[in-house]
Amino acid sequence: MRYFKMNGCGNDFVIIDARSRGALPLSHAQARAIADRERGVGCDQVIALERSIRGDAFMRIWNADGGEVDACGNATRCVAWLLMEEGGAASRRIETPAGMLYAERAGERVITVDMGSPLLRWEEIPLARAMPTDRMDYAVEGFEAPGAVNMGNPHVVFFVDDVSAVPIETLGPRIEHDPLFPKQVNVGFAEVRAPTQIRLRVWERGAGLTKACGTGACAAVVAAHRQGRTERKVEVLVDGGSLEIEWRAGDDRVLMTGPVELEATGELPAA
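This one's a predicted model, so the numbers in the text were calculated from it and none came from an experiment. (Residues numbered from 1 in each chain as written. Predicted model: local features only at pLDDT ≥ 70, side-chain atom pairs only at ≥ 80, totals over all residues. Heavy atoms only, no water.)

S.K.: What should I look at first to understand the side chain of Arg60 in this one?
M.R.: With respect to the helices and strands, the residue Arg60 is situated in strand β4 (residues 57-63). Take Arg60: its relative accessible area is 17%, and that puts it in the buried class. Within the structure, Arg60 has its side chain in polar contact with the side chain of Glu50 (distance 3.1 Å). Reaching out from Arg60, the side chain makes a polar contact with the side chain of Glu68 at a distance of 2.9 Å. (Helix = DSSP H or I, 4+ residues; strand = E, 2+ residues; numbered from the N terminus. Buried < 20%, exposed > 50% of the residue type's maximum accessible area, 1.4 Å probe, protein only. Polar contact = N/O pair within 3.5 Å; in protein donor to acceptor, adjacent residues only side chain to side chain.)

Below, the structure written as structure tokens:
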């Protein structure tokens with residue numbers, strides 16, 4: 001099967017075109033083998049393009065640990081670009097386990113994705129018990145009152161003075177597996193530099209610390225605005241570049257705009 005190695009702001013993917021097969025029966029072990037940076041192709045997430053009746057393609061997502069998840073913002077931009085290049089269209093509809101996503105071209109290799117409306121109730125995140133999600137009753141080693149947002153996957157966002165001083169490799173997995181988060185959680189640490197700019201780093205569940213997290217950037221802007229820290233349109237600086245996130249007031253939709261890069265193409269062996 002043909003694959004495309006792509007990245008969005010450094011968050012990298014192996015995208016497998018399985019549309020001719022109808023579906024890709026990829027096991028957790030196979031996904032881990034492909035994502036392995038020493039013995040496989042190497043990536044943060046493995047993506048399968050499958051046939052869709054409702055959209056231009058159906059996107060399935062496996063994290064580097066082999067676990068299947070419902071959403072990945074940076075991968076959606078990469079998939080949208082591939083589909084646009086293939087058909088010469090300016091927009092595409094991508095079906096995901098989290099719902100239908102709409103993408104359009106915003107530049108030569110820049111894509112805007114409508115990520116939908118954020119889910120904000122405690123049971124939608126989900127959390128193990130009822131509590132406010134704008135400022136959670138939750139603290140870890142002095143980091144407290146984070147915001148919780150579901151952008152097709154669960155996120156918790158802590159606001160810090162200096163994101164470079166946060167021991168993310170230690171705190172990230174600890175928070176990810178906290179019993180408060182029954183489906184585990186992506187952990188963001190956000191440094192608000194201006195009402196229109198955030199510096200963000202994210203520990204992704206099942207993948208670890210990545211150079212960018214698209215849904216994490218969306219969650220950070222939603223959480224920041226809910227706490228009165230930023231405006232609704234914000235530049236989010238990540239390790240691999242920057243994303244423009246807008247949480248529209250009129251229709252509650254979150255738009256993500258950012259670059260994509262095609263690194264390589266190749267063929268995966270049949271077994």
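S.K.: Would you mind showing me how to read the pairing of strand β18 (residues 254-259) here?
M.R.: Every other side chain in a regular strand lies on the same face of the sheet, so the side chains alternate between the two faces. Counting buried residues in β18 gives five out of six residues, a clear majority hidden from the surface. Two strands pair when backbone bridges link them, and strand β8 (residues 110-114) and β18 are joined in this way by five bridges, in the antiparallel orientation. Note on β18: the bridge partner recorded for Asp114 is Leu255. Bridge count between strand β17 (residues 241-247) and β18: four bridges; the pairing is antiparallel. By the bridge assignment for β18, Glu244 is matched with Thr257. (Pairing = 2+ DSSP bridges.)

S.K.: It is not clear to me how the packing of aromatic side chains should be interpreted in this structure. Could you clarify?
M.R.: Geometry of an aromatic ring pair is reported as the spacing of the ring centres plus the angle between the planes. According to the stated counting rule, one finds four aromatic pairs in the structure shown. Here the aromatic rings of Tyr138 and Phe158 are separated by 6.2 Å at their centres, their planes lie at 45 degrees, and the arrangement is tilted. Placement of Tyr138 in the loop between β8 and β9 (139-140) and of Phe158 in strand β12 (residues 154-159) is noted, with a sequence separation of 20 residues between them. For Tyr138, a relative accessible area of 10% puts it in the buried group. Between Phe158 and Phe189, the aromatic rings sit 5.4 Å apart at their centres with planes inclined by 15 degrees, giving stacked as the arrangement. With Phe158 in strand β12 and Phe189 in strand β13 (residues 186-194), this residue pair connects regions lying 31 residues apart in the sequence. (Phe/Tyr/Trp six-rings, centres within 6.5 Å; stacked < 30°, edge-to-face > 60°.)

All we've got here are geometric facts, nothing functional implied.
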